Amino acid sequence: MTPQSTGLIKPPVSEPNPNQAKSNGCGCTSKNAPVELDERTKARIANHPCYSEEAHHHYARMHVAVAPACNIQCNYCNRKYDCANESRPGVVSELLTPEEAAHKVLVVASKIPQMTVLGIAGPGDPLANPEKTFRTFELIADKAPDIKLCLSTNGLMLPEYIDRIKQLNIDHVTITLNTIDPEIGAQIYSWVHYKRKRYRGVEGAKILLEKQLEGLQALREADILCKVNSVMIPGINDQHLVEVNRVIRENGAFLHNIMPLISAPEHGTHFGLTGQRGPTPSELKAVQDNCAGNMKMMRHCRQCRADAVGLLGEDRSQEFTKEKFMKMAPEYDLSTRKEVQEGIEKFRAEIKAAQAQLQESVAHISNDVNTPKILVAVATKGGGLVNQHFGHAKEFQVYEVDGREVRYVAHRRVDQFCQGGYGEKATMENIIQAIADCKAVLVSKVGESPREKLANAGIQAVEAYDLIDKVALEYYQEWLASNQ
Ligand code: CLF
Ligand code: SF4
């Protein structure tokens, strides 16, 4: 079924989105036009680690798992586990009451003052559990007013709750919208439960898709920032996602997060059991690149848990299990949090100044010169720095470098190389496979043995402790000189 199929949901008449790519004047948008944000939007996302790629190096989010029920069945979800629309498949979170959740948020807010966002993303659909979800938000808004509230939903009930969302000052909402075509939707959703009735196939998908677009429009009208998640399912919606991107942009979405389908058979999902594969990293990147000229694309999503805590690349949820956090005092202190966050902002300003200087120093590379693009992997603990030992990395961030720009494109999860002081052969192979398309890996330190193995695989290990942009550009110049 093509996007032009007769079943396509007709999007409502749209108004221009102020944050989409600039038109080139002939009505279509240039693939290379930068997506510029207005100042107000920039301020609204400045410390949201999902909505701002830059912020994710510095600020943390947390989720509370208060919403167990769901009103649809996605073929990539097994309801024994957390909602796979906003969480990593195969994970089970500890369910909390709104009061327990509020206690946990206050505990985390004091232990991790750079935690700026509270999201509710499951373990089912937050709007299929409206009372628990909104009660939790109410408690947080009352006790920790500086924390931004964030909600992720499949969108079915969004039009019904838009006023409540606005009232509660929930400024960021994610809709998982995988298609605008009910025929494609019928291959993704096995049923939709709406107003006490269960609908299957195209009929069910049509209801869901209409509500999702209606919800998206309503968010725009209510001036609430909306991110759209789309799960990329090869052979089902992969070719269609560019069309999805166009429609959501026209209807007010601010950011598009195309996530890979994860369909391990052991998760027991329909797709997992029927052999539906997920996309390769290069297939995912190709679709993201195809959409990138039109609106901001999120590429740093970690498909986190419904009880995730910490920076996006780290998982501190085990430090705050129910057994542990219920024994901790909720010592939320607004002034300490402000102080820490002011320190972060100072540090960010310094990084920005250093990056601006860097840009000046590479400005001599003419824009006319078509310098090749390469990928480099980076070991980082955050802060926009190369600052992690090769052996300690549980993921590598991948950047595309062309001599002028250093652009975040993906992250690759790996098994940690250093395990009790010893690196394992199998772990090394797993790491090399994960970053095989990178020319170099930028790390604060690396041992002789892994350095040699990386070199044998054609990946140069570069040791540095500095700005990611700086180290990547310096390496690029070296690489270019030896490859010309
Ligand atoms: Fe949570 Fe989602 Fe809000 Fe972020 S996560 S509800 S927008 S605060 Fe972020 Fe996690 Fe990706 Fe979600 S990395 S899965 S996009
Ligand atoms: Fe699962 Fe989330 Fe889909 Fe519900 S909306 S079926 S919880 S992935």
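Remember, it's a predicted structure, so these values are computed and weren't measured experimentally. (Residues numbered from 1 in each chain as written. Chains lettered and ligands numbered in written order. Predicted model: local features only at pLDDT ≥ 70, side-chain atom pairs only at ≥ 80, totals over all residues. Heavy atoms only, no water.)

Caption draft 1: Up close: helix 3 (residues 130-143). Counted at 1.5 Å a residue, the expected span for helix 3 with its 14 residues is 20 Å, and the 20 Å between its end C-alpha atoms agrees. Every buried residue belonging to helix 3 is among Pro130, Thr133, Phe134, Thr136, Phe137, Leu139 and Ile140, and all of these are buried. The elements touched by buried residues of helix 3 are helix 2 (98-111), strand 3 (115-120), strand 4 (148-153) and helix 4 (158-167). (Helix = DSSP H or I, 4+ residues; strand = E, 2+ residues; numbered from the N terminus. Expected span 1.5 Å × (residues − 1). Buried < 20%, exposed > 50% of the residue type's maximum accessible area, 1.4 Å probe, protein only. Contact = heavy atoms within 4.5 Å.)

Caption draft 2: Representation of the pairing of strand 4. Where burial is concerned, most of strand 4 is hidden: five out of the six residues are buried. Where strand 3 lies against strand 4, four bridges are found, and the strand directions are parallel. Pairing of Gly119 across the sheet is with Cys150, part of strand 4. Considered for its hand, the β-α-β crossover made up of strand 3, helix 3 and strand 4 is right-handed. Sheet analysis places strand 4 next to strand 5 (residues 172-176), joined by four bridges and oriented parallel. Across the sheet, the residue bridging to Thr153 is Ile175, located in strand 5. In this fold, strand 4 hands off to helix 4, which returns the chain to strand 5; that crossover is right-handed. (Pairing = 2+ DSSP bridges. Right-handed = clockwise from strand over helix to strand, strands pointing away.)

Caption draft 3: Main features of the sheet that holds strand 12 (residues 374-378). Taken in spatial order, the five strands make up an open sheet running 15-14-12-18-19, and their pairing is mixed. Unpaired on one side and paired on the other, strand 15 (406-413) and strand 19 (460-463) mark the two borders of the sheet. On average, each strand axis in the sheet is inclined to that of its neighbour by 30°, with strand direction left out of account. (Axes fitted to C-alpha atoms, helices over the stretch in contact; angles between N-to-C directions.)

Caption draft 4: Geometry of the sheet that holds strand 6 (residues 189-194). Ordered in space as 2-6-7, the three strands form an open sheet in which the pairing is antiparallel. With one partner strand each, in any of the chains shown, strand 2 (72-74) and strand 7 (197-200) form the two edges of the open sheet. Strand-to-strand twist of the sheet, defined as the mean angle between neighbouring strand axes without regard to direction, takes the value 20°. With three bridges connecting them, strand 2 and strand 6 associate as antiparallel partners. Residue pairing for strand 6: Gln73 is matched across the bridge by Trp191. Along the sheet face, helix 6 (residues 201-221) touches strand 2, strand 6 and strand 7 and points at about 65° away from the line of strand 6.

Caption draft 5: Region of interest: the side chain of Lys211. Summarising the element assignment, Lys211 is placed in helix 6. Lys211 sits in the buried class, given a relative accessible area of 17%. Leaving out residues up to four positions away in the same chain, Lys211 has contacts with Gly155, Leu156, Pro159 and Tyr194.

Caption draft 6: Here's a closer look at the nonpolar core. Membership of the largest hydrophobic core comes to 94 residues, with the highest contact counts inside it found for Val64, Tyr76, Met115, Leu118, Phe137, Ile165 and Ile170. Apart from the residues within four sequence positions on either side, Leu118 is in contact with Met62, Val64, Val105, Phe137, Ile140, Ile147, Lys148, Leu149 and Cys150. Core analysis: the next-biggest nonpolar cluster, separate from the first, contains 23 residues, Val414, Met428, Val443 and Ala461 among them. (Core = buried A, V, L, I, M, F, W, Y, C linked by side-chain atoms within 4.5 Å.)

Caption draft 7: Spatial organisation of helix 4. Among all positions of helix 4, only Leu158, Tyr161, Ile162 and Ile165 are buried. In a view along the axis of helix 4, the buried residues occupy a sector of 145°, so they form one face of it. What points out from helix 4, more than 90 degrees from its buried face, is the exposed set Asp163 and Gln167. Taken together, the buried residues of helix 4 touch helix 3, strand 4, strand 5 and helix 6. A positive backbone phi angle near 65° is found at Asn169, which sits one or two residues after helix 4. (Arc of directions from axis to C-beta.)

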